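Structure assessment
The residues making up each chain are set out below.
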Amino acid sequence: MDPATQIAISNRPYAVNGRHVGPPGPIGAGGRVGPPGTGAEPPAANRGLSSGFIQTLATEDSRLTRMELGLGLVPDQTVRFYPMSVIRQRGALVDDINGRRVLIFMDQTTFTPAALYVNSSSATVDGETVRLDGGRVVKMGMLFDASRRRVDAERPQQLFSRWYVFSLTFPKPEIFGR
């Protein structure tokens, strides 16, 4: 959507299901990783994380499981995490953060959660379209008015990440619905 967006791709080696899939080089000294059922795989809560990496983590926030995916919002004051389980269950939701209404939805273009500020109090999902009260709609991640003209949408600072990453980066965030 934004041709000026920059992407950083790590050149660090990694393994998936015990198979080396990253750039050339050793998998690392973080403990054994093996295929499921071999006894060398990490516990489900740590799948994808080596024991060496887990040991480097600071004290974690255990209100959600370590690997829970979600969307974290980091506007001016309040820091809030929206677990994927809630986003999937609701389809789309309108929340209030710092006195502004924000739409949280699954972007059907990228299949990831996204957020944008709206002047609506409710949202429903209709196929690939999110319908807002007042006739506005969100389609392919873009906001349209009741006449189906594209509207520039302001988006809060947001991060799609695992719970452990978000909560270690932004300690003691609010969790939507709790």
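The following refers to the structure shown. (Residues numbered from 1 in each chain as written. Predicted model: local features only at pLDDT ≥ 70, side-chain atom pairs only at ≥ 80, totals over all residues. Heavy atoms only, no water.)

**Here we look at the sheet that holds strand E13 (residues 158-162)**
Put simply, the test is: By the convention used here, strands pair only if DSSP detects at least 2 bridges between them. For the purposes of this entry, the term helix denotes a DSSP run of H or I that reaches at least four residues, the term strand denotes a run of E that reaches at least two, and both are numbered from the N terminus.
Across the sheet, four strands lie side by side as E13-E3-E4-E14; this open sheet has mixed pairing. In this open sheet, the two edge strands, each paired with only one partner strand, are E13 and strand E14 (174-175).

**Some details on the packing of aromatic side chains**
Basically, it comes down to this: Only rings of Phe, Tyr and Trp enter the pairing, Trp through its six-membered ring, and a pair is recorded when the two centres are within 6.5 Å. The plane angle decides the type: under 30 degrees is stacked, over 60 is edge-to-face, the rest tilted. When a residue's accessible area, from a 1.4 Å probe over protein chains only, is under 20% of the maximum for its type it is buried; when over 50% it is exposed; and in between it is partly exposed.
Under the counting rule described, the total for this entry stands at four aromatic pairs. With 5.0 Å between their ring centres and 65 degrees between their planes, Phe-81 and Trp-163 make a pair best called edge-to-face. Of this pair, Phe-81 sits in strand E4 (residues 80-83) while Trp-163 sits in helix H3 (residues 163-169), placing them 82 residues apart in sequence. Of the two residues, Phe-81 and Trp-163, neither departs from the other in class, the shared state being buried. Ring geometry for Tyr-82 versus Phe-176: centroids 5.2 Å apart, planes at 25 degrees, classification stacked. With Tyr-82 in strand E4 and Phe-176 in the segment after E14, this pair connects stretches of sequence that are 94 residues apart. Like Tyr-82, the residue Phe-176 is buried in the burial classification. Of the aromatic side chains, those joined through ring pairs into one cluster are Phe-81, Trp-163, Phe-166 and Phe-170.

**Some words on the sheet that holds strand E10 (residues 137-139)**
Strand order in the open sheet made by the five strands is E8-E9-E10-E11-E12, with antiparallel pairing throughout. The sheet is open, and its two borders are formed by strand E8 (123-126) and strand E12 (150-151), each paired with just one other strand. When strand E11 (residues 142-144) meets E12, the two strands line up antiparallel, connected through two bridges. Opposite Phe-144, over in E12, you have Arg-150 as the bridge partner.

Structural measurements only, silent on function.
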